[in-house]
Amino acid sequence: MLLVVAYFAAAIWTGLILTRLLFAGEPRRYRLIVLVVLAQTAVLLPVHAVAAMELAGLIDRVDSVYLAVAQGLILCVALACHRLYARPQIDTEGHAMPWNCPWFLRLASVAVGGAYLVGAANALPGYIREFDAARYHLLLPLRWTIDGSFSISSTTDWRMSMPANAEASMFVIFAGGFEHFLSVVQWGPLFGLTAAVYCLALSLSKSRDAAWMCVVVLLTIPIIFFQSFSGYVDLFALSFIVAAMALGERSLEHSDEAGESTWRWLAMAGLACGIAIGTKHVYLAFGALLGLGLVILHARKSLRPLAVGTWAAVTLLFGIAIPSAFWYLRAALLTGNPLHPLGVTIGGYELLDGVAPSKINQLNWAIGRWVGSEAGWLVYPWLEYQSGGRMTRYSVDSGLGAVVATFVPLGVLFFVWLAWRRRTDGTLWFWLAMWVSCGLIWWYPLHQTLRFGLVFVVLSVVMTAPFLAALSAAGGWLFGGLFLASTVVACSIVALEPASSIASRFIFDLWSRPQIYRYPPVIDDLPGGATILSFEATRNMAMAGSRLNHRVVGSFELHGRPTDEHLRQHRIDYIVGRRRHVERVERLTTVELIYREKFVDPISGGSELWSLWKVNRDD
Amino acid sequence: MDRCAELDQYRVEMDVEISARWRLRLTILAALSLAAWMLCSYPMAESLIVIERIVARLANL
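Cut-offs applied
Residues numbered from 1 in each chain as written. Chains lettered and ligands numbered in written order. Predicted model: local features only at pLDDT ≥ 70, side-chain atom pairs only at ≥ 80, totals over all residues. Heavy atoms only, no water. Pairing = 2+ DSSP bridges. Helix = DSSP H or I, 4+ residues; strand = E, 2+ residues; numbered from the N terminus. Contact = heavy atoms within 4.5 Å. Buried area = accessible area lost by both parts, 1.4 Å probe. Salt bridge = Lys/Arg side-chain N within 4 Å of Asp/Glu carboxyl O. Polar contact = N/O pair within 3.5 Å; in protein donor to acceptor, adjacent residues only side chain to side chain. Nonpolar A, V, L, I, M, F, W, Y, C, P; charged D, E, K, R; others polar. pLDDT = per-residue confidence, 0-100. Axes fitted to C-alpha atoms, helices over the stretch in contact; angles between N-to-C directions. Phe/Tyr/Trp six-rings, centres within 6.5 Å; stacked < 30°, edge-to-face > 60°. Buried < 20%, exposed > 50% of the residue type's maximum accessible area, 1.4 Å probe, protein only. Lys NZ or Arg CZ within 6 Å of the ring centre and 35° of its normal. Expected span 1.5 Å × (residues − 1). Arc of directions from axis to C-beta. Parallel < 35°, antiparallel > 145°, perpendicular 65-115°, else oblique. Left-handed = near helix turned anticlockwise from the far one by under 90°.

Section: the pairing of strand β6 (residues 591–600) of chain A
Residue and element names in this part refer to chain A.
- One ladder, built from nine bridges, connects β6 with strand β7 (residues 607–615); its direction is antiparallel. Bridge assignment links Y595 to a residue of β7, and that residue is L612.
- The hairpin formed by β6 and β7 contains six residues between the paired strands, and G605 there has a positive phi angle of roughly 85°.

Here's the deal with the interface of chain B and chain A
- Listed by partner, the interface residues are 33 residues for chain B and 47 residues for chain A.
- Carbon and sulfur atoms supply 68% of the area buried between chain B and chain A, which totals about 3,600 Å² over both sides.
- Run the count over chain B and chain A and you get one salt bridge.
- Of the charged contacts, one joins B:E46 and A:R393 as a salt bridge, the two residues approaching to 2.7 Å between their closest N and O atoms.
- At the boundary of chain B and chain A, one finds eight residue pairs in polar contact (both at pLDDT 80 or more).
- The set of elements that each furnish at least two residues to the side of chain B that touches chain A consists of α1 (3–14), α2 (20–40) and α3 (42–60) of chain B.
- For the side of chain B that touches chain A, the leading source of residues is α2(B), giving 13 residues.
- Of the residues assigned to the side of chain B that touches chain A, the class counts are 21 nonpolar, five polar and seven charged.

Thoughts on the confidence of the model for chain B
All names here are of chain B.
- Averaged over every residue, the pLDDT of chain B is 81; residues scoring 70 or more account for 72%.
- In the model of chain B, α1 stands out as the element of lowest mean pLDDT, 53, in contrast to α2, which has the highest, 95.
- Model confidence for the complex is summarised by a pTM of 0.94, with the ipTM given as 0.92.

Quick word on the sheet that holds strand β4 (residues 551–554) of chain A
Residue and element names in this part refer to chain A.
- Strand order in the open sheet made by the five strands is β4-β3-β5-β7-β6, with mixed pairing throughout. The two strands at the open ends of the sheet, each matched to only one other strand, are β4 and β6. The sheet shows a mean angle of 25° between the axes of neighbouring strands, direction not considered.
- Bridging between strand β3 (residues 531–534) and strand β5 (residues 574–578) involves three bridges; their strand directions are parallel. Considered in β5, the bridge of S534 is made with V576.

What about the side chain of A:D601?
- Mapped onto the secondary structure, A:D601 falls in the loop between β6 and β7.
- Those residues in contact with A:D601 that sit more than four places away from it in its chain are A:R518 and A:G606.

What about the packing of aromatic side chains?
Residues and elements named next belong to chain A.
- With the rule as written, the count across this model stands at 39 aromatic pairs over all chains.
- Here Y198 and W212 contribute two aromatic rings whose centre-to-centre distance is 6.3 Å and whose plane-to-plane angle is 70°, an arrangement assigned as edge-to-face. Taken together, the residues Y198 in helix α8 (residues 184–205) and W212 in helix α9 (residues 208–219) connect sequence positions 14 residues apart.
- Its relative accessible area of 14% is what places Y198 among the buried residues.
- Looking at W212, the relative accessible area reads 31%, which means it is partly exposed.
- Through successive ring pairs, a cluster of aromatic residues spans W365, W370, W377, Y380, W435, W442, W443 and F456.
- Sitting over the face of the ring of Y30, R250 holds its NZ or CZ atom 4.8 Å from the ring centroid.
- The ring of W370 has R369 lying over it, and the distance from NZ or CZ to the ring centre is 5.3 Å.

Description of helix α3 (residues 64–85) of chain A
All names here are of chain A.
- Relative to the 32 Å expected for 22 residues at 1.5 Å per residue, α3 spans 31 Å between its end C-alpha atoms, a close match to the ideal helical length.
- What α3 keeps buried is the set L67, A70, Q71, L75 and A78. Each buried residue of α3 sits inside an arc of 135° when the element is viewed along its axis, so together they form one side. With respect to the buried face of α3, the exposed residues turned more than 90 degrees away are V65, L73, V77, R83 and L84.

Considerations on helix α18 (residues 426–443) of chain A
Residues and elements named next belong to chain A.
- Along its 18 residues, α18 runs 25 Å from first to last C-alpha, staying within 8% of the 26 Å computed at 1.5 Å per residue.
- For α18, the set of buried residues is L428, F430, W431, L432, M434, W435, C438, G439, I441 and W442.
- N-capping of α18 is provided by D425, with a side-chain oxygen placed 3.0 Å from the backbone N of T427.

A look at the environment of A:V591
Residue and element names in this part refer to chain A.
- With respect to the element layout, V591 can be found in strand β6.
- Between the C-alpha atoms of V591 and I575, which are 16 residues apart in sequence, the distance is 8.4 Å.
- Setting aside anything within four residues of it in sequence, one finds V591 in contact with L567, I575, V585, W613, K614 and V615.

Concerning the packing of helix α2 (residues 28–55) of chain A against α8(A)
Residues and elements named next belong to chain A.
- The geometry of α2 relative to α8 is characterised by a closest axis approach of 9 Å and an angle of 150° between their N-to-C directions. What the angle tells us is that α2 and α8 run roughly antiparallel. The handedness of the crossing between α2 and α8 comes out as left-handed. Listed contacts from α8 to R29, Y30, L32, I33, V36 and Q40 of α2 are G188, P189, F191, G192, A195, A196, Y198, C199 and L202.

Quick look at the structure:
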């Protein structure tokens, strides 16, 4: 525990030192974003470096001791830089004007804070159970911990071979032997996201009230709320791409020709963008869009467009490479395809061998899941339908919330009107173009999967800032009451599920891991180091056991019905499944049933027949 | 910054002035949007059902 806390504390310290060194005197809101970006980079770099050393054969296995040493080295370098280059700083920011936060915004902030407290109270002592997280996002860092290697091959399942900066942060917690507090890795990025939204909204509206209101709107979005306490990686990547937008926008306010340094801001924007690109392939498209936009704008406002554009592109690419190059180099060197597992086919000619993106993110998946037809997206904010959703249909990939429905569509229309009215204002048109482009990326290549479009949603929230500023500037009670009412309703609904989960934990006395994940405790008694083939998609992570010492192979990694060859290939020791999996397993010749009992769900009272087979391998 | 100063700065910076009548109209539109959400949103309806169940269960205890 101490090692994990020290690791994260050292990363934050490194971030603080470098922020103070490079950005002293800059507005505090931007320094907060820089701090989050630098601290996250410091969390990731030791993981990348140690994993690369293991892949190069310089060390036997990736180990927490190597991580701690690498983190210590980074901190020492930061301290040395501070000692060598730090100069006494004059506070150029001056004293900020006192801000008289309106009554409704104070109360709305309390409501949001309360909802997040309930979410944290539920998540911290519990276990992450959301579908994709339990199925493979958490399995990946656990696999790295047990194998001591980040190796992949061209046959590795796509879920286990993608860029994984968010999972690399979880890996640090697993390497320290912990499973609780995993969702903490989302909180730093969430903090950076709120700071970035505040900066962008303030820059568009010139109103602190409106900027803070945009933060409140953002935090009431159910997808953001639920992902803050989950093992999903969309919020993590989103936070850094929006941070890159805010830092990139700040870089445009400076000009090298006026003697102000832009490279710091561009490098930070690149770092933030690189963290996002190294988290999920989806963000390659958003990163490319932002990078291209920044290079063009820097070139346009300069007297030497070619030189400045080239310099901006190089600085951005250098920043992007630092936290993301490891994943793409690993894929290139071990599989021959830098984008592995994605395959690239142009005009029928296969450029890079891999899985077609449409197989990972299916075409028309959104239809029937969130909307009846594509036109249904026009009314989605008011319906928020999700087929087969959980308690309130809000989840890690569904829901925008009451405050978005109340203000954001009108706010976006107001922004368009404002841009038309101020045709010469390049800033408004730049954000409008970014918003449209992000919408097109979400609509076409990303097939309208809701959580992949979070960048579009967050930009919509930011664009609402002038509307909120216009309505709130007069300080009328009607607007204040409306904002507060919509926030309280949104927060109450998102907090309902975690509150109910906490209540049922007390009522049914559910505290142990098997009780919360709902699996037979016999799994925990299997020998350490055993490899378990799990047919329980939503409980793959549970099969790791309370001591996290089982190597779990998800059934998705077999690519078909299990065979004896699969069992040999993956070195399976045990197979676990329920009634519907029995027929599939009992056709195998090398398995022996060692456990079959009904396990009663303490909440629903329903029972499930669980089976456990031992594999008699001859190797 | 007091509210009047902020309003003035907003008008200067954004070159936009909204009359009190338009502000009221837009606020009413936003209120109607919230009302439409309350009437149509699945999560709103589902959460009311959940609350009703909880109340019924508590009443039976």
